[in-house]
Amino acid sequence: PYSLESGGEGSDLWKSVDGGDTWDKLTDKNGMPGKPTGIIGLSLSAANHKKIYAMVEAKEGGLFVSEDAGENWQRVNDDRNLRQRAWYYTRVYADPGDENTVYVLNVGFFKSTDGGRTFETIRTPHGDHHDLWIDPLNSKNMAVADDGGAQVSHDGGATWSTMMNQPTAQFYRVITDDHFPYRIYGAQQDNSTVRIDSRSFGYGGITEENWESTAGGESGWIAPDPDNNEIVYGGSYGGYLERLNHETGERRRVDIWPDNPMGWGADSLEQRFQWNFPILFSRHDNNTLYAASNKLFKTTNEGQSWEQISPDLTRDDKSKMGPSGGPITKDNTSVEYYGTIFTIAESVSEPGIIWCGSDDGLIHITRDGGENWINVTPPTSIMPEWTMINSLEADPFNAGGLYVAATSYKNDDYSPYLYKTGDYGKTWEKIVTGIDSEHFTRVVRADPIREGLLFSGTESGMYISFNDGDIWSPFQLNLPVVPVTDLVIKENDLVVATQGRSFWIFDYLHLLRSMNEDMLNRDVFMFEPGKTYRAGGRQGGSLFTGQNPLPGAVTCFYLKNNPGEDDIIQLDFLDQDGGLIRSYHASTKELETGPHTPYSKMEVQQGMNILSWDLSYPGALRVPGMILWGGYLDGPTAVPGEYIVRLRFNDETLEQQFSVLPDPRSSAPVIDLQEQFDFIAAVRDKLSETHQAIIDIRKLRDDIVDVESKLNSVEHKGILEKSGKIKKELTAIEEALYQTKNRSRQDPLNYPIKLGNKLAALNGVVATGDWKPTDQAYDVREMLVSEIDRQLGRLEEIVKTGIPELNRLLHDNDIEYVKY
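Residues numbered from 1 in each chain as written. Predicted model: local features only at pLDDT ≥ 70, side-chain atom pairs only at ≥ 80, totals over all residues. Heavy atoms only, no water.

1. Looking at the sheet that holds strand S6 (residues 74-77)
Here is step 1 of the chain: The 4 strands lie next to each other as S3-S4-S5-S6, forming an open sheet whose pairing is antiparallel. Two strands in the sheet have a free side with no partner beyond their single neighbour: strand S3 (37-44) and S6. The average angle at which neighbouring strand axes cross in this sheet is 30°, direction not considered.
Here is step 2 of the chain: Sheet analysis places strand S5 (residues 62-66) next to S6, joined by 3 bridges and oriented antiparallel. Note that in S6 the partner of Val65 across the bridge is Gln74. (Pairing = 2+ DSSP bridges. Helix = DSSP H or I, 4+ residues; strand = E, 2+ residues; numbered from the N terminus. Axes fitted to C-alpha atoms, helices over the stretch in contact; angles between N-to-C directions.)

In structure tokens form, the structure reads like this:
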């Protein structure tokens, strides 16, 4: 846990020519470096099977080449750029088509065309290169793996594909803030820290527009100021601690002890800061920020000064604090610093209670803000010594309660270690039943709403417990099988940090909070919708974007059995007075409908079903084939308030009430949103009336044409003159309401839009944003509606007088009436 060995006895290169029955040690051959040796990178040339490249870690190490299958060797390059941090790299690859072309991977990407004697640096999208594949049939095709992901080249490394299409970030920790939408913070291995919106509103997915780098470096904890989330504190290795003001761009280093430790062992340091040392704001005092080395510190003046509030809370075993590495190469980045405080937690309900867990297996508690500390480490009968305390979670319902996730994989122990106490650490219980015996645990979190609901992240995925850890069950769903390094519960969401698959969010904590055994005995069960904001947004985007949550009011219902063809399943959304807004159905049976309440088809299945109402009311009637410019035919958006969702399953009806909340970003009061709603609804209704008139005109004109086809131009001249006049009047009305010359999307640039299009465009103006309509919007609406009503009046006059007169003429000539 505290060091690595860079070589020694047993580090050798061997060769077998009989399938492994016997072996020949090549590190004893002529030209190989003296002992000890360490890690050895090896590559055989496919172009010359007697040629071998070996990158050897040794005091006189470097790149060695054999031209005779390993009998003799020559060091051709000892450049330290090729062999620095040997344990982390030491990768060499012979080009399969050219025996003198060879690649070496390290921080940089190196290529030689003269058998390794000289190298050029090849630019790649990211540094820290760990693996390379070369196409054996065409060596211009290659793929490199680095700390940014993977990239492909088809021209021998001259150009590379992007790394921005892979959600492969490795996050150490995760935290959220109180912004809307809330933002997720984390430190990415060998990359920037990041804060990213948990959802987007301007796009179908979460894009680069929604994230930015923030305070700190690749390895640290991050702590946004609870009073002003634009001020963020972030750490990194070497005790690095930074304060960033996102509003001004100002950065300030506020290291607790700014003595750079790089290259030194932990035993040489005044303060031991781990690579991933904890930084945390107090739950009870927004001015207090905690951070820890082997001791706990706090600041109340934004890092201008720090106060030590604990003694050394580790075992302080100096035998485990020497320089890491050796006997060939040392490697001290602070990852291996041992005897440090690795995690901290503060009581949810009782100020002054702070818990600290160390990487060398101790848990301490103070109940007076750091004046006095007590070692409350679980006994070795249930937790082995030297087990790293990876995360702590204060019990939300018990001031003396704590949950612990510990790990000992660095001791070759892959067992899960989860614990809980309810009496300030006096007694402990191990709670791992149900977790795979080799899924070692990294984090545990307790739901603040439902007591006993726990989540645990392990090296191989997620687990859930509904009974305070007595029994755990896998909770993988669609989450990739990946190390889960940290979890945070935010409102109805569970945010997951992973090593290798970036951030994930589970959006439905409210479902888990309401689940119970009674559900197992019911044919249908509907959950209360989660928190619903009048904030818009949608799902969509591309492979280059993160996925948005479902927008609007998300309703989930459970069906015990497969639905049959005769089952009636209907989901309705209603206003608080019971007025139907939207109706979705899964059957072919007749359903209740009303004005402006069209229903849609929904797919249902056995088990959980999810449907989202986007908060929109039905839109205006649409004329088939109509082309509009800037025409907004959608209905208004629900105003913040109380609503009802009703599920009908055959003879059973279930209802849940839910609230639509205002968009926290909006400055519009609800009364303004109601005025906007009323305006859009009124225009929608007038557009429906207008479009119905156009449909009626077309139907009526077609009927007249049909009747005319039965008339004789001489014998029925008077009737044809009358019908022709009516058709002309109908066409004039239609052309006043709609530009009938439009046949393509760009035609309105040539043929001016007419009354209906203008009114629809006005609705689009008013529907933009959360604002009441402007005074001039009312003026334009009055002007357009007045003219539309004049045209509709002309149509009404034709229907009331013109058509009856035409029909009398037809009747007198024994000809079928015009239908209308």
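2. Focus on the pattern of salt bridges
It is possible for side chains bearing opposite charge to pair when their charged atoms get close.
Here is step 1 of the chain: One pass over the full model with this rule turns up 45 salt bridges.
Here is step 2 of the chain: Notably, a salt bridge pairs Lys35 with Asp28, separated by 3.9 Å at the nearest N-O pair.
Here is step 3 of the chain: What makes Lys35 partly exposed here is its relative accessible area of 46%.
Here is step 4 of the chain: Here Arg251 and Glu242 are joined by a salt bridge, their closest N and O atoms 3.0 Å apart.
Here is step 5 of the chain: Bridged by salt links that share partners, the residues Asp177, Arg183, Arg195, Glu212 and Glu230 form one connected network. (Salt bridge = Lys/Arg side-chain N within 4 Å of Asp/Glu carboxyl O. Buried < 20%, exposed > 50% of the residue type's maximum accessible area, 1.4 Å probe, protein only.)

3. Observations regarding the packing of helix H3 (residues 670-708) against helix H6 (residues 775-812)
Here is step 1 of the chain: Between H3 and H6, the least distance of the axes is 11 Å, while the angle of their chain directions is 25°. As far as their axial angle goes, H6 and H3 are roughly parallel. Crossing hand, H3 versus H6: left-handed. Contacts between H3 and H6 pair Glu675, Phe679, Ala682, Val683, Lys686, Glu689, Thr690, Ala693, Ile697, Leu700, Ile704 and Val707 from the former with Ala777, Tyr778, Arg781, Val785, Ile788, Asp789, Leu792, Leu795, Ile803, Leu806 and Leu810 from the latter.
Here is step 2 of the chain: Split by residue class, the contact of H3 with H6 holds 17 nonpolar, 1 polar and 5 charged. (Parallel < 35°, antiparallel > 145°, perpendicular 65-115°, else oblique. Left-handed = near helix turned anticlockwise from the far one by under 90°. Contact = heavy atoms within 4.5 Å. Nonpolar A, V, L, I, M, F, W, Y, C, P; charged D, E, K, R; others polar.)

4. Quick look at the packing of aromatic side chains
Here is step 1 of the chain: The final tally for this structure, using the stated rule, is 27 aromatic pairs.
Here is step 2 of the chain: Ring geometry for Tyr2 against Tyr338: centres 5.4 Å apart, planes inclined by 45°, an arrangement best described as tilted. With Tyr2 in the segment before strand S1 (14-15) and Tyr338 in the loop between strand S26 (307-308) and strand S27 (341-346), this pair connects stretches of sequence that are 336 residues apart.
Here is step 3 of the chain: For the pair Phe171 and Phe503, a centre-to-centre distance of 3.8 Å together with 10° between the ring planes defines the contact as stacked. (Phe/Tyr/Trp six-rings, centres within 6.5 Å; stacked < 30°, edge-to-face > 60°.)

5. Side note on the nonpolar core
Most often, soluble globular proteins have nonpolar side chains that are buried together.
Here is step 1 of the chain: Leu687, Ile704, Ile726, Leu730, Leu737, Leu759 and Leu810 are the most contacted members of the largest nonpolar core, which totals 38 residues.
Here is step 2 of the chain: Looking at this core, the elements with two or more residues in it are H3, helix H4 (717-737), helix H5 (755-767) and H6.
Here is step 3 of the chain: With near-sequence residues (within four places) excluded, Leu730 lies in contact with Ile697, Leu700, Arg701, Ile704, Leu795 and Ile798.
Here is step 4 of the chain: Trp613, Leu647, Phe649 and Ala668 belong to the second largest nonpolar core, which has 28 residues in total. (Core = buried A, V, L, I, M, F, W, Y, C linked by side-chain atoms within 4.5 Å.)

6. As for the sheet that holds strand S10 (residues 120-122)
Here is step 1 of the chain: Strand order in the open sheet made by the 4 strands is S7-S8-S9-S10, with antiparallel pairing throughout. Across the chains shown, the open sheet's two edge strands, defined by having one partner strand only, are strand S7 (91-94) and S10. Each strand axis lies, on average, 30° off the axis of its neighbour in the sheet, ignoring direction.

7. A look at unusual backbone geometry
Here is step 1 of the chain: In this structure, Pro36 follows Lys35 across a cis peptide bond, with omega equal to 5°.
Here is step 2 of the chain: Within the secondary structure layout, Pro36 lies in the loop between strand S2 (24-25) and S3.
Here is step 3 of the chain: Residue Gly326 is joined to Pro327 through a cis peptide bond whose omega torsion reads 5°.
Here is step 4 of the chain: The residue Pro327 is located in the loop between S26 and S27 in this model.
Here is step 5 of the chain: For Ala69, which is not a glycine, the phi torsion comes out positive at approximately 65°.
Here is step 6 of the chain: Positive phi is not limited to glycine here, since Glu302 has a value of about 60°.
Here is step 7 of the chain: Given the relative accessible area of 37%, Glu302 is considered partly exposed.

8. Quick notes on the packing of H3 against H4
Here is step 1 of the chain: For the pair H3 and H4, the least separation of the axes is 10 Å and the interaxial angle reads 155°. When the interaxial angle is binned, H3 and H4 end up roughly antiparallel. Every pair of crossing elements has a handedness; the one defined by H3 and H4 is left-handed. Side by side, H3 and H4 meet where Thr690, Ala693, Ile694, Ile697, Arg698, Leu700, Arg701, Ile704, Val705 and Glu708 of the first sit next to Leu720, Ser723, Gly724, Ile726, Lys727, Leu730, Thr731, Ile733, Glu734 and Leu737 of the second.
Here is step 2 of the chain: Each residue belonging to the contact of H3 with H4 can be placed in one class, and the counts come to 11 nonpolar, 4 polar and 5 charged.

9. Points about the pairing of strand S47 (residues 580-585)
Here is step 1 of the chain: Counting buried positions along S47 yields 5 of 6 residues, so the element is predominantly enclosed.
Here is step 2 of the chain: In the sheet, strand S46 (residues 569-575) pairs with S47 via 5 bridges, with the strands oriented antiparallel. Within the sheet, the bridge partner assigned to Leu574 lies in S47 and is Leu580.
Here is step 3 of the chain: Counting the residues that bridge the hairpin from S46 to S47 gives 4 residues, and of these Gly578 lies at a positive phi of roughly 90°.
Here is step 4 of the chain: With 3 bridges joining them, S47 and strand S48 (residues 599-601) adopt parallel strand pairing.

10. Considering empty space enclosed by the protein
Here is step 1 of the chain: With the rule as written, the count across this model stands at 4 cavities of 30 Å³ or more.
Here is step 2 of the chain: Computed from the structure, the largest cavity encloses a volume of approximately 80 Å³.
Here is step 3 of the chain: As for the largest cavity, its lining consists of Gly238, Gly239, Trp257, Asp259, Pro261, Leu269, Glu270, Gln271, Phe273 and Tyr337.
Here is step 4 of the chain: A breakdown of the residues in the lining of the largest cavity according to their chemical character gives 5 nonpolar, 3 polar and 2 charged.
Here is step 5 of the chain: Approximately 50 Å³ is the volume found for the second largest cavity.
Here is step 6 of the chain: Residue composition of the lining of the second largest cavity, by class: 5 nonpolar, 3 polar and 2 charged. (1 Å grid on protein atoms, 1.4 Å probe; cavity = no way out; pocket = protein on both sides within 12 Å on 5 of 7 lines; lining within 4 Å. Points joined across faces, edges and corners; volume = space filled by probe spheres on them.)

11. As for the environment of Gly724
Here is step 1 of the chain: Counting through the fold element by element, Gly724 comes out in helix H4.
Here is step 2 of the chain: Classification of Gly724 as partly exposed rests on a relative accessible area of 30%.
Here is step 3 of the chain: Taking C-alpha positions, Gly724 is 9.1 Å from Val705, a pair spaced 19 residues apart along the chain.

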